[in-house]
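# Geometric and topological summary
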Amino acid sequence: MPSEPRTFMLPGRPTAVGALRAERRIGRRVAMGACLTAALGALARYTLFSGAAASTERRAAENVFHAAREASRALAEGRLSPATWQELVEQAFHGVSQEEIARAIDIESLLARAPAASRGAAVVPFSTALPGDEGPRLVTKLFVLRAGRANPPHAHDNMVSVHYVLRGRFHVRHYDRVRDEPGGIVLRPTIDRILGPGEATSISDERDNVHWHVAETDGVLLDVLCADLEGRPTDTHLVDPVRAELLEGGLLRAPRLSTVGEALERFG
């Protein structure tokens, strides 16, 4: 389910017990992050230096997808929060160039399989299965968009994903999903900027859940996701931020759109 709206409070004068609890919480968080970072680093070294016949690009891409797999496994086992998954997987992608990723996945062959799309994106799924892969299923696919086309604004339940720009430029907008209402979703704007090759944004139930990508030029997005978190089904909710009602505090009450066709007609 969507997370509750985040609240912000000015810090008060801590009690001794409160300070101790806070210190323990911070300590646990730091320790968990340090252990996971070390594990990802060890896995990265194994991946990068195993298999002498593998190309540099292939090894770099394997490193990124292994890191996403390891973060997804930690998330499934409750050792990681969805928001931390976002940070770690985005960080993994920042360690390589989009050219390395594109060559490693043989982007030209994938684009040759892209179906025709009169609106929205042409979607090309592909596999990143590697020796020893196990754990949560990591889904990878390309979104291929012509200039002016869009992946319409929408939310997801029980899913984490990263959208990485392989080619082109995209106007990207994200919103926190503050609360669901019968006729719409209350949003808090969080991201509104142009992304180019090598840049990424991400979503989870905790942060930046509603997302909207508009192609400024012909472009390709790489989508890496893990769905059905905690055994709960992933669902999609289409919304219209443009026709949203402005609420106090800069919040928006965005009406729902009932069908994909309606969303594509409006935005795609």
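Before reading further, recall that the structure is shown in the block above.
Residues numbered from 1 in each chain as written. Predicted model: local features only at pLDDT ≥ 70, side-chain atom pairs only at ≥ 80, totals over all residues. Heavy atoms only, no water.

Attention shifts here to the pattern of salt bridges. Scanning the model with the defined rule gives 19 salt bridges in all. Counted as one network, the salt bridges with shared partners bring together Glu 87, Glu 90, Arg 207 and Asp 208. (Salt bridge = Lys/Arg side-chain N within 4 Å of Asp/Glu carboxyl O.)

Moving on, we come to the environment of Thr 56. Turning to its location among the elements, Thr 56 is positioned in helix H2 (residues 56–76). In sequence terms Thr 56 and Ala 104 are 48 residues apart; their C-alpha atoms lie 8.6 Å from each other. (Helix = DSSP H or I, 4+ residues; strand = E, 2+ residues; numbered from the N terminus.)

The next subject is unusual backbone geometry. Unusually for a residue other than glycine, Asn 158 sits at a positive phi of about 55°. Mapped onto the secondary structure, Asn 158 falls in the loop between strand S3 (150–156) and strand S4 (159–167). Non-glycine residue Asp 228 carries a positive phi angle of around 55°. Examined against the element boundaries, Asp 228 turns out to sit in the loop between strand S9 (219–227) and strand S10 (236–239).

Tallying each qualifying case throughout the model produces three aromatic pairs. Ring geometry for Trp 212 and Phe 267: centres 5.1 Å apart, planes at 75°, overall edge-to-face. Of this pair, Trp 212 sits in strand S8 (residues 210–215) while Phe 267 sits in helix H6 (residues 260–267); the two residues are 55 residues apart in sequence, bridging distant segments of the chain. Residue class for Phe 267 comes out buried when judged on its relative accessible area of 11%. Residue placement shows Arg 266 over the ring face of Phe 267; its charged tip is 5.2 Å from the ring centre. (Phe/Tyr/Trp six-rings, centres within 6.5 Å; stacked < 30°, edge-to-face > 60°. Buried < 20%, exposed > 50% of the residue type's maximum accessible area, 1.4 Å probe, protein only. Lys NZ or Arg CZ within 6 Å of the ring centre and 35° of its normal.)

Attention now goes to helix H3 (residues 82–94). The first and last C-alpha atoms of H3 sit 19 Å apart over 13 residues, in line with the 18 Å expected at 1.5 Å per residue. Every buried residue of H3 is accounted for by Pro 82, Ala 83, Trp 85, Gln 86, Leu 88, Val 89, Glu 90, Ala 92 and Phe 93. (Expected span 1.5 Å × (residues − 1).)

Let's shift gears to the side chain of Ser 161. With respect to the secondary-structure elements, Ser 161 resides in strand S4. Beyond its immediate stretch of four places on either side in the chain, Ser 161 contacts Trp 85, Thr 201, Ser 202, Ile 203, Asp 223, Val 224 and Leu 225. (Contact = heavy atoms within 4.5 Å.)

What follows concerns the sheet that holds S4. One open sheet accounts for five strands, arranged S1-S2-S9-S4-S7; its pairing is antiparallel. Edge positions in the sheet fall to strand S1 (122–126) and strand S7 (200–203), since each has one partner strand and no second. With direction set aside, neighbouring strand axes in the sheet form an average angle of 20°. Where strand S2 (residues 139–145) meets S9, seven bridges bridge the pair, whose relative direction is antiparallel. By the bridge assignment for S9, Val 144 is matched with Val 220. Strands in contact with H3 are S4, S7 and S9; relative to S4, the strand with the most contacts, it is inclined by about 20°. (Pairing = 2+ DSSP bridges. Axes fitted to C-alpha atoms, helices over the stretch in contact; angles between N-to-C directions.)

Inspection of the sheet shows strand S5 (residues 170–181) paired to strand S6 (residues 184–195) by eleven bridges, in the antiparallel sense. Along S6, the bridge assignment pairs Arg 177 with Leu 187. Where S5 folds back onto S6 in an antiparallel hairpin, the turn is made up of two residues. The sheet contact formed by S6 and strand S12 (residues 252–257) spans four bridges and is antiparallel. In the strand pairing of S12, Leu 187 is matched with Leu 252.

This next bit is on the pairing of S3. Look at any regular strand and the pattern is simple: side chains alternate between the two faces of the sheet. The buried fraction of S3 amounts to seven of the seven residues, a majority that puts the element mostly inside the structure. In this structure, S3 lies alongside S8, joined through three bridges in antiparallel fashion. Residue pairing across strands places Asn 151 opposite His 213, the latter belonging to S8. Two elements, S3 and S10, share three bridges in a ladder whose sense is antiparallel. Looking across to S10, one finds that His 154 is bridged to Leu 238.

This paragraph deals with the nonpolar core. One finds Trp 85, Phe 93, Ile 101, Ile 105, Leu 142, Leu 166 and Leu 222 to be the most contacted residues of the largest nonpolar core, which totals 34 residues. At the level of elements, H2, H3, helix H4 (98–104), helix H5 (107–112), S1, S4 and S9 are the ones that each hand at least two residues to this core. When residues in this core are grouped by element, the largest group, eight residues, is from H2. The contact partners of Leu 222, leaving out residues within four places of it in the chain, are Phe 65, Phe 93, Ile 101, Phe 126, Lys 141, Leu 142, Val 162, His 163, Tyr 164 and Leu 166. Core analysis: the second largest hydrophobic core is formed by 16 residues, Ile 185, Leu 187, Val 210 and Leu 257 among them. (Core = buried A, V, L, I, M, F, W, Y, C linked by side-chain atoms within 4.5 Å.)

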